Structures are given as structure tokens and as C-alpha cells.
Amino acid sequence: MKNKKKKLNYDITAIILTYNEEKHIERCINSIKRYTKKIIVIDSFSNDKTIKICEKFKKTLIIYKKKFVNHSEQLNYALQKNIKTKWILRIDADEVVDRNFFYKFKKIKNINKYNAVSTIIEHNFLGSRISYGGVYPGYQIRIWKNKQGKFDKKPMDEKVILKNERIYNSKLKIIDHNLKGFYFWIVKHYRYAKKEAQLYYLIKNKKINYKKTDNKFSQKIFYYKFPIFLRPFLLFFYRYILKKGFMDGIVGIKFNILQTLYYRLLVDCFIIVYL
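For clarity, every value in this text was computed on a predicted model and none was experimentally measured. Along each chain, residues carry numbers from 1 onward, in the same order as the chain's sequence is written. Confidence filtering applies because this is a predicted model: local features only for residues at pLDDT of at least 70, side-chain atom pairs given and counted only at 80 or more, and all residues used for totals across whole chains, interfaces and linings. Working from all heavy atoms in the structure, the side-chain values ignore hydrogens and water.

### Quick word on the overall build of the chain
(1) Moving on: For the chain, the count of helices and strands is 8 helices and 11 strands.
(2) Moving on: Expected size for 275 residues packed as a compact globule is a radius of gyration near 19 Å; at 19 Å, the chain falls within 12% of this value.
(3) Moving on: Each principal axis of the C-alpha atoms in the chain carries an extent, and together these give about 60 × 40 × 35 Å.
(4) Moving on: Burial classification: accessible surface area is computed with a 1.4 Å probe over protein chains only, and a residue below 20% of its type maximum counts as buried, one above 50% as exposed, and the rest as partly exposed. Put simply, the chain has 275 residues, and 48% of those count as buried.
(5) Moving on: Whether two residues are in contact is decided by their heavy atoms: any pair within 4.5 Å suffices. Across the chain, every contact between residues at least 6 apart in sequence was considered, and the portion connecting residues at least 24 apart equals 73%.
(6) Moving on: In this description, accessible areas are obtained by the Shrake-Rupley approach with a 1.4 Å probe, and a residue is regarded as covered only by the protein chains that are shown. When the accessible surface of the chain is summed, it comes to about 15900 Å², and 55% of that surface belongs to carbon and sulfur atoms.
(7) Moving on: For the chain, the separation between the mean place of its 60 positive charges and that of its 22 negative charges on side chains is 6 Å. Numbering goes from the N terminus for both helices and strands, where a helix is a DSSP run of H or I of at least four residues and a strand is a run of E of at least two. To get the radius of gyration, use the C-alpha atoms; to get the globule rule, take the number of residues to the power 0.38 and multiply by 2.2 Å. When charges are tallied, Lys and Arg are placed among the positive residues and Asp and Glu among the negative ones, while His and the ends of the chain are skipped. Lys charges are placed at NZ, Arg charges at CZ, Asp charges at CG and Glu charges at CD.

Here it is, written out as C-alpha cells:
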């Protein structure tokens with residue numbers, strides 16, 4: 001009889017948001033289950049096999065159901081649950097952690113001095129890794145101390161806000177690898193474009209507070225200063241030429257045409273039509 005792998009003792013609770021993630025959720029859970037004391041799934045009433053798959057891991061996994069409003073609300077709802085671990089990990093259902101992720105986390109020197117850990121996010125587009133165009137390496141805070149952070153209320157690009165920004169910039173990596181295909185990508189980004197247009201409205205009317213240290217959001221505000229419908233082409237030139245997106249080959253041109261031109265033009269269309 002094969003010995004079962006021993007569960008390792010890491011004082012971490014993982015949070016996963018789900019909606020019809022039967023293609024991804026088991027892969028995600030398997031990448032973290034040995035290393036986390038608890039996994040919280042916030043499901044937006046999936047109608048596929050997501051819940052059934054999650055129930056296989058009921059010894060360490062708790063499922064809550066909440067109607068989806070935006071990612072921030074779902075995540076803050078999860079943070080209100082009875083989390084007793086020292087650390088919290090946020091991971092998406094279509095992501096996995098890199099090999100030795102938790103071992104490397106435990107090896108961070110003087111980790112208790114920090115309130116959060118910034119990790120590298122590796123993006124895959126239709127099965128291929130994106131290495132250029134200013135996309136990789138992208139950094140996000142995905143691990144933070146319990147009770148030290150909550151998410152802002154932006155409709156898009158939610159970010160955890162820390163009580164005290166003592167952040168360790170690590171080389172830990174989370175891999176974003178969606179398996180649902182091109183049609184799903186189109187539908188998802190159509191929805192995202194509407195939310196991005198809402199975010200533009202909030203920016204324009206100065207209804208969002210942000211810190212100047214938030215480089216990603218500062219770049220977004222700078223982007224919206226350029227003329228509508230021209231700015232997607234300028235961004236394409238910046239990513240594909242100046243940031244060498246062409247070095248990713250065929251997938252690079254597909255990614256930059258769709259993620260930059262198509263998506264950003266769609267956002268501008270929603271800005272014109274709805275706002």
C-alpha cells in the first residue's frame with residue numbers, strides 16, 4: 001500500500017473564489033492542500049460540478065455561497081469568517097502555486113517582521129506563457145497576516161489594503177493558467193470591459209482613493225489621460241514594440257492584439273455608450 005503524503009504544518013488559510021470552475025478547482029486545491037491548515041471556498045452558486053469536487057476535500061475545506069457582486073466583496077466576505085491562522089493566501093481557482101512555493105515561503109528570513117508577501121504572477125494565454133510585453137514578471141500581494149488587510153471597493157483590479165505596509169518582495173510564483181479556451185476568454189473580457197468602464201467613471205469623478213505608491217493604479221490613471229480610442233494603439237505600441245512583446249512569437253501577437261487592442265477598445269466603447 002502506498003503511503004499517503006504527510007500534511008505539512010504551515011499556518012496558512014487559503015481563500016478561493018469559484019463560479020463554474022470544474023475544470024480548475026481540483027488542480028488548484030491539490031497544489032495547496034498539503035500546506036494549508038484550512039481552505040475557504042466562496043462559491044457564487046455554481047451550476048456545474050465545482051461543489052461536488054470541493055466536497056471531496058471536506059476535511060480541510062469549507063464552502064460558503066454568496067451571490068457575486070465583485071471580487072472585493074467576495075474576498076472581504078471570506079475574511080469575515082473564523083480564520084485563526086497567522087497567514088492568509090489568496091489564490092484564484094484557475095491558478096496553481098509553483099513548485100516548492102511553501103517551502104520557499106517558510107525559508108524567508110525574519111518573515112515575522114513583515115505583514116505581507118508580494119509574489120510573482122506568471123500569466124499563460126491560451127496555453128502559452130507570456131514572458132515579455134511588460135506582463136512578466138507581474139507582482140501582487142497574495143499572502144498577508146491575518147487581521148492586517150482587507151480589499152478595497154474597486155469594481156476591477158481589487159487590491160488588498162494593509163494596515164501597515166511592511167511588504168516582503170519575494171520570488172514566490174503563482175501560475176495563472178486558464179483551461180477554458182478562447183470563447184470563455186472573449187465572454188469574460190466582455191464582462192471585464194463593462195467593469196473597467198465603471199472604474200473609469202470612478203477615476204474621472206475622483207471617487208477612488210489610492211496611494212501614490214500603488215504603481216499599477218497610478219499607471220492606469222496615466223493611461224486614461226490619453227485620447228479615447230487612440231490610447232489602446234499607443235498601449236499596443238508600448239507593449240508589443242518597446243517592451244518586446246514580439247519576443248513571445250505568435251502567442252505574443254495574439255495576446256497583444258486581444259488583451260490590448262480588442263479589450264481596451266471595448267472598454268472605450270463602453271465608456272462612450274454607457275457613461
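Here the narrative resumes, following the displayed structure.
### Side note on the packing of aromatic side chains
(1) Moving on: Any Phe, Tyr or Trp ring, taking Trp's six-membered ring, that has another such ring centre within 6.5 Å forms a pair; planes under 30 degrees apart are called stacked, those over 60 apart edge-to-face, and the others tilted. For the structure shown, the criterion picks out 17 aromatic pairs.
(2) Moving on: Plain terms: the ring middles of phenylalanine 236 and tyrosine 240 are 5.3 Å apart, the flat faces sit at 20° to each other, and that makes the pair stacked. Of this pair, phenylalanine 236 and tyrosine 240 are both found in helix α7 (residues 231–242), 4 residues apart, which corresponds to roughly one turn of the helix.
(3) Moving on: For phenylalanine 236, a relative accessible area of 17% gives the class buried.
(4) Moving on: Under the relative-accessibility criterion, tyrosine 240 is labelled buried at 16%.
(5) Moving on: Members of the aromatic cluster, each reached through a chain of ring pairs, are Tyr10, Tyr35, Phe101 and Phe102.
(6) Moving on: Counting as a charge over the ring demands two things of the Lys NZ or Arg CZ atom: a distance within 6 Å of the ring centre and an angle within 35 degrees of the ring normal. Here lysine 81 stacks its cationic end above the ring of tyrosine 64, 4.5 Å away from the centre of that ring.
(7) Moving on: We note arginine 129 situated over the ring of tyrosine 136; from NZ or CZ to the ring centre the distance is 4.3 Å.

### A short note on the pairing of strand β11 (residues 167–176)
(1) Moving on: By the convention used here, strands pair only if DSSP detects at least 2 bridges between them. The pairing of strand β5 (residues 95–97) with β11 spans 3 bridges and is classified as antiparallel. Bridged to valine 96 within β11 is isoleucine 175.
(2) Moving on: Bridging between strand β6 (residues 116–125) and β11 involves 7 bridges; their strand directions are parallel. Note on β11: the bridge partner recorded for histidine 123 is aspartate 176.

### Things to note about the packing of helix α5 (residues 182–204) against helix α8 (residues 249–274)
(1) Moving on: Every angle, taken between N-to-C directions, lies between 0 and 180 degrees, and every axis is a line fitted to C-alpha atoms, over only the stretch in contact when it is a helix. Axis separation between α5 and α8 bottoms out at 8 Å; the angle between their running directions is 45°. Considering the angle they form, α5 stands oblique to α8. Like other packed secondary-structure pairs, α5 and α8 cross with a definite hand, here right-handed. Here Phe182, Trp185, Ile186, His189, Tyr190, Tyr192, Ala193, Lys194, Glu196, Ala197 and Tyr200 of α5 come into contact with α8, specifically with Leu258, Gln259, Tyr262, Tyr263, Arg264, Leu266, Val267, Phe270 and Ile271.
(2) Moving on: Across the contact of α5 with α8, the residue classes break down as 15 nonpolar, 2 polar and 3 charged. Working rule for angles: under 35 degrees goes down as roughly parallel, over 145 as roughly antiparallel, 65 to 115 as roughly perpendicular, anything else as oblique. Left-handed describes a crossing whose near helix is turned anticlockwise from the far helix through less than a right angle; right-handed describes the clockwise counterpart. By the convention adopted, Pro, Cys, Tyr, Trp, Phe, Met, Ile, Leu, Val and Ala count as nonpolar, Lys, Arg, Asp and Glu as charged, and the other residues, Gly among them, as polar.

### A closer look at the pattern of salt bridges
(1) Moving on: Whenever a carboxyl oxygen of Asp or Glu lies within 4 Å of a side-chain nitrogen of Lys or Arg, that contact is scored as a salt bridge. Using the criterion set out here, one finds 15 salt bridges in the structure.
(2) Moving on: For glutamate 95, the salt bridge identified is with arginine 142, shortest N-O distance 2.8 Å. Taken as a pair, glutamate 95 in strand β5 and arginine 142 in strand β8 (residues 138–145) lie far apart in primary sequence, 47 residues in all.
(3) Moving on: For glutamate 95, a relative accessible area of 2% translates into the label buried.
(4) Moving on: Here lysine 220 and aspartate 157 are joined by a salt bridge, their closest N and O atoms 2.9 Å apart. Note that lysine 220 is positioned in helix α6 (residues 215–223) and aspartate 157 in the loop between β9 (149–151) and β10 (160–162), a separation of 63 residues in sequence.
(5) Moving on: Using a relative accessible area of 10% as the deciding quantity, one classes lysine 220 as buried.
(6) Moving on: Under the relative-accessibility criterion, aspartate 157 is labelled partly exposed at 28%.
(7) Moving on: In this structure, a network of salt bridges that share partners links the residues Arg90, Asp92, Glu95, Arg142 and Glu158.

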